Each structure stands twice: as C-alpha cells, then as structure tokens.
Amino acid sequence: MQRASRLKRELALLATEPPPGITCWQNENQLDDLRAQILGSADTPYEKGIFNLEIVVPERYPFEPPKIRFLTPIYHPNIDSAGRICLDVLKLPPKGAWRPSLNISTLLTSVQLLMAEPNPDDPLMADISSEYKYNKQLFLINAKEWTKKYASQQKRASEEERNQSETSTKESIPQKRKGSNINKKEKKSRLDS
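Residues numbered from 1 in each chain as written. Predicted model: local features only at pLDDT ≥ 70, side-chain atom pairs only at ≥ 80, totals over all residues. Heavy atoms only, no water.

1. Side note on the overall build of the chain
As a reminder of what qualifies: Secondary structure follows DSSP: runs of H or I at least 4 residues long count as helices, runs of E at least 2 residues long count as strands, and numbering of each begins at the N terminus. Note on exposure labels: buried denotes an accessible area under 20% of the residue type's maximum, exposed denotes more than 50%, and partly exposed covers the range between, all computed with a 1.4 Å probe on protein chains only. The criterion used for residue contact is that any of the two residues' heavy atoms lie within 4.5 Å.
Per the secondary structure count, the chain includes 6 helices and 4 strands. The order of helices and strands in the chain, counted from the N terminus, is α-β-β-β-β-α-α-α-α-α. Relative to its full complement of 193 residues, the chain shows a buried share of 38%. For the chain, long-range pairs separated by at least 24 residues make up 54% of all intrachain contacts whose partners lie at least 6 apart in sequence.

In structure tokens, the structure reads:
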C-alpha cells in the first residue's frame, strides 16, 4: 500500500513538475511498469535525440531501486546493447548508492547527467570506454551517428508517417467478400436459373 501511494505521488509530481527534458508515465495503467523519455542535452552527441526508457518498479520499492533500461539504442560506455545502465544509484549498497529517500525523478535526472558526462572508469562497454578515453573525436562521431540513426525526431516522424500510411492503405482497400470474384453476368445468370 505504501509503495502504491508513493508511486502515485511521484507520478503526479513528474506530470506536474517534470525535470527539464524528462517525461515519465505509466505503461498501460500498470503502476509497476513505467516508461520515460529523456531528451539529449545540448552540447552533447545526444543533442536533439529522444531516448525511450523502461522502468520496472520492484515490490520492495522504495527499499529496492527500480530497474531502468534504455529501449532506444545509445552509443555510451556505461550503457550496454541491451539498454542496461551502469550507475551507482541504480544499485543497492555496499556497491551501490541507492537510498529510499531517492525517487524516480532523481534517478532519471541522474541518467540524463550520465548521458552528458560518461564515466569511462566504470564501463559496461569496454571498447566504447577506451574510445571515449583515447579517441574522443571518434567517440563523438559514433555517438552522433547512433543518435541520428536511432533517436532522431526526423526518424520518428518518418516512422509514424509510414505506419499511418500503411494503416490508411489497409483501410482504403475494400475487403472482398466470398464469391466477390464472380462477374456480373455470372451473378445474373445464377439469379435467373
């Protein structure tokens, strides 16, 4: 009961006073399954990108941290190909820094900050981490390409248009009924007999 009331309060706060560049909502009216969007910060390779995240709230919340992962692919040393995030506030002590006084808004803000300032000394992706440390220019190029390819607004707009046109095409094609391939003469001759 405490978990449900706290989550409702947190979601209400996220709806009325969201952190800059962050939105969060319930997925299909399930209180323990949330979705979020983080806009890539200015002056980062993720600028103008829209990144979708999944948040699974455990039964023991707030005594256990939510599980957060990226649904949108992102080129980042602390985020792996499955979208898992290496961030201390997402783990319980002694290895992590999660405390029950933290909330989902704080976690999403921390993830947004991690996007802007990667931690190459605690990587999930060793190759991207070494690229970030020793060839930052190449890292920036790759991260910008991934953002453009997977998280850009133009890509989303074209996907939505394509989905809408596919839907409208399907709707505009008249559905044939059984026997509709019989021509008019055959129909008339059947009626006459």
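2. A look at the packing of helix α3 (residues 126-134) against helix α4 (residues 136-151)
Rules: Interaxial angle, 0 to 180 degrees, is taken between N-to-C directions of lines fitted to C-alpha atoms, where a helix line uses only the stretch in contact. Every angle not falling under 35 degrees, over 145, or within 65 to 115 is termed oblique; those three ranges are roughly parallel, roughly antiparallel and roughly perpendicular. Any residue that is not Ala, Val, Leu, Ile, Met, Phe, Trp, Tyr, Cys, Pro, Asp, Glu, Lys or Arg is counted as polar, Gly included; the first ten are nonpolar and the last four charged.
Viewed as axis vectors pointing N to C, α3 and α4 meet at an angle of 125°, and their least axial separation amounts to 5 Å. Taken together, the axes of α3 and α4 lie oblique to each other. Two secondary-structure elements touch here, α3 through Ile128, Glu131, Tyr132 and Tyr134 and α4 through Lys136, Leu138, Phe139 and Asn142. Looking at side-chain class alone, the contact of α3 with α4 contains 5 nonpolar, 1 polar and 2 charged residues.

3. Regarding the confidence of the model for the chain
Stated formally: The predictor's confidence in any single residue is recorded as pLDDT, a number from 0 to 100.
The predicted model of the chain has a mean per-residue pLDDT of 86, with 79% of residues at 70 or higher. pLDDT under 50 marks residues 169-180. Its contacts with residues more than four places away, or in other chains, come to 1 contact. Counted against residues more than four places away or in other chains, residues 187-191, with its pLDDT under 50, gives 2 contacts.

4. A few points about the UniProt feature "active site" (unreviewed entry) in the chain
Let me state the cut-off plainly: UniProt positions are given in the numbering used here, feature names are shortened, and annotations may be inferred rather than shown by experiment.
Mapped onto this structure's residue numbering, the UniProt feature "active site" (unreviewed entry) falls at Cys86. The topology assignment puts Cys86 in the loop between β4 (67-70) and α2 (104-116). With a relative accessible area of 10%, Cys86 lands in the buried category. Sequence-distant contacts of Cys86, that is, excluding residues within four places in its chain, are made with Asn78, Lys91, Leu114, Asp122 and Leu124.

5. Some points on helix α1 (residues 2-16)
For clarity, the threshold we go by: Helix span is expected to be 1.5 Å times the residue number reduced by one. By definition, the arc is the one covered by directions from the helix axis to the C-beta atoms.
When the terminal C-alpha atoms of α1 are compared, their 21 Å separation across 15 residues agrees well with the 21 Å that a helix rising 1.5 Å per residue should span. Every buried residue belonging to α1 is among Arg3, Arg6, Leu7, Glu10, Leu11 and Leu14, and all of these are buried. Relative to the axis of α1, the buried residues are bounded by an arc of 130° and lie together on one face. Turned more than 90 degrees away from the buried face of α1, the exposed residues are Lys8, Arg9, Ala15 and Thr16. Here the buried face of α1 lies against β1 (22-27), β2 (30-39) and α2.

6. Quick look at the nonpolar core
Stated precisely, the cut-off is as follows: By nonpolar core we mean a set of buried residues, namely Ala, Val, Leu, Ile, Met, Phe, Trp, Tyr and Cys, connected to one another through side-chain atoms within 4.5 Å.
In this structure, Cys24, Leu53, Ile55, Phe70, Ile85, Ile104 and Leu108 are the most contacted members of the largest nonpolar core, which totals 37 residues. Every element with two or more residues in this core is listed here: α1, β1, β2, β3 (50-56), β4, α2, α3 and α4.

7. A short note on the side chain of Gln112
By the element assignment, Gln112 lies in helix α2. The residues touching Gln112, leaving out its near neighbours within four places in the chain, are Pro20, Gly21, Ile22, Ile38, Leu39 and Ser41.

8. Brief notes about the environment of Asn103
Spelled out, the test is: Definition of a polar contact: a pair of N or O atoms within 3.5 Å, with one able to donate and the other able to accept a hydrogen when the atoms are protein atoms, and with sequence-neighbouring residues admitted only if both atoms are side-chain atoms.
One can find Asn103 in the loop between β4 and α2. Separated by 97 residues in sequence, Asn103 and Arg6 have C-alpha atoms that sit 9.4 Å apart. Excluding anything up to four places from it in sequence, Asn103 contacts Arg6, Glu10 and Tyr61. Here Ser105 takes part through its backbone nitrogen, which lies 3.2 Å from a polar atom of the side chain of Asn103.

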